[in-house]
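Summary of the model geometry
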Amino acid sequence: DDSKSPKGQTTTLCYIPGSTIRGLIINALSKKDDFNVKKKALFSSDVRYLNAYPLCGEKELIPSPKGFYENKDGSDFQTVLANEGKLSPGVKRAALGDAVTLKDGRITYSTVETGQAARIKKAGRNTDDDKMMFQNQYIEAGQEFEGYICTRDNELARRIADVFGGTVWLGADRDGGYGRCSVA
């Protein structure tokens, strides 16, 4: 998520974007002899690649709703929906996790586990950027996510499902096993 990342550090999203899944599928299918037959459908609105959000046990989570605020000590929990959108002075956005479940009018929050790695940028030339330190954040291994790919084309759905036989790699950093995913 470059929009929220400070200079020299890359912050990860806490879900797997549908565009990442789309890239994985199109890259895998582009290596097949008959790719040109289904290429138009893969790039059209005939196939929708939805984001994959974390699972908590068997419960599907959704992104955390915004608009909740609290005092710095965690007290005086407020929402912009109450009191015509007016908040008490000095409140900050509440830290409520990355994803939620909703049941019986109750919100349960969950946080995606992330890690960080310090790296050295290897530009390959003698420049100021050569050997510059940077950090990247990643989603820790062992977490489950659930997403959907929607199409009405049964043949294309079968081809897409075949891409997920075994281990797949998502993301740009494959060093040390980062990005390796098992898909059920």
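Higher on the page you've got the structure.
Below you will find a few notes about this structure. These numbers were taken from a predicted model, which means no experiment stands behind them.

Attention now goes to the pairing of strand S3 (residues 53–56). Here S3 runs beside strand S13 (residues 145–146); their pairing, made up of two bridges, is antiparallel. Opposite Pro54, over in S13, you have Phe145 as the bridge partner. When S3 meets strand S4 (residues 59–60), the two strands line up antiparallel, connected through two bridges. Paired with Cys56 across the two strands is Lys59, which belongs to S4. What sits between the antiparallel neighbours S3 and S4 is a turn of two residues, in which Gly57 has the positive phi angle 70°.

Okay, the sheet that holds S3 next. Sheet architecture is open: three strands sit in the order S4-S3-S13, paired in antiparallel fashion. A strand with exactly one partner marks an edge of an open sheet, and here the two such strands are S4 and S13.

Relative orientation of the contacting elements helix H1 (residues 18–29) and helix H3 (residues 154–163) amounts to 100°, with a least axis distance of 10 Å. Relative to H3, H1 is oriented roughly perpendicular. Counted together, Leu24, Ile25, Ala28 and Leu29 of H1 and Arg159, Ile160 and Val163 of H3 form the full contact between these two elements. Classifying every residue of the contact of H1 with H3 gives six nonpolar, no polar and one charged.

Here we have three strands laid out as an open sheet, ordered S5-S9-S10, and antiparallel in their pairing. Two strands in the sheet have a free side with no partner beyond their single neighbour: strand S5 (62–63) and strand S10 (106–110). Two elements, S5 and strand S9 (residues 99–103), share two bridges in a ladder whose sense is antiparallel. By the bridge assignment for S9, Pro63 is matched with Ala99.

Counting 20 residues, the largest nonpolar core has Ile25, Leu29, Leu42, Ile160 and Phe164 as the members making the most contacts within it. Breaking this core down by element, the ones donating at least two residues are H1, helix H2 (35–42), strand S2 (47–49) and H3. When neighbours within four sequence positions are excluded, Ile160 is seen to be in contact with Ile25, Leu29, Leu42, Val47 and Ile149.

Calculation rules
Think of each chain on its own: its residues are numbered from 1, step by step along the sequence as written. Residue-level local features of this predicted model are given only where pLDDT is at least 70; pairs of side-chain atoms are given and counted only at 80 or more, and the full residue set underlies all totals for whole chains, interfaces and linings. Only hydrogens and water are set aside; all other atoms, that is, all heavy atoms of the structure, feed into the side-chain values. For two strands to be treated as a pair, DSSP must find at least two bridges joining them. A run of H or I in DSSP becomes a helix once it reaches four residues, and a run of E becomes a strand once it reaches two; helices and strands are each numbered from the N terminus. To obtain an axis, a line is fitted to C-alpha atoms, over the contacting stretch when the element is a helix, and the angle between two such axes runs from 0 to 180 degrees between their N-to-C directions. Roughly parallel here means an angle under 35 degrees, roughly antiparallel means over 145, roughly perpendicular means 65 to 115, and every remaining angle is called oblique. Every residue pair with non-hydrogen atoms within 4.5 Å of one another is taken to be in contact. Only Asp, Glu, Lys and Arg are considered charged in this grouping, and only Ala, Val, Leu, Ile, Met, Phe, Trp, Tyr, Cys and Pro are considered nonpolar; every other residue, Gly among them, is considered polar. For this analysis, a nonpolar core means a set of buried residues of the types Ala, Val, Leu, Ile, Met, Phe, Trp, Tyr and Cys, connected via side-chain atoms within 4.5 Å. Exposure classes here rest on a 1.4 Å probe applied to the protein chains alone. A residue is buried below 20% of its type maximum, exposed above 50%, and partly exposed in between.

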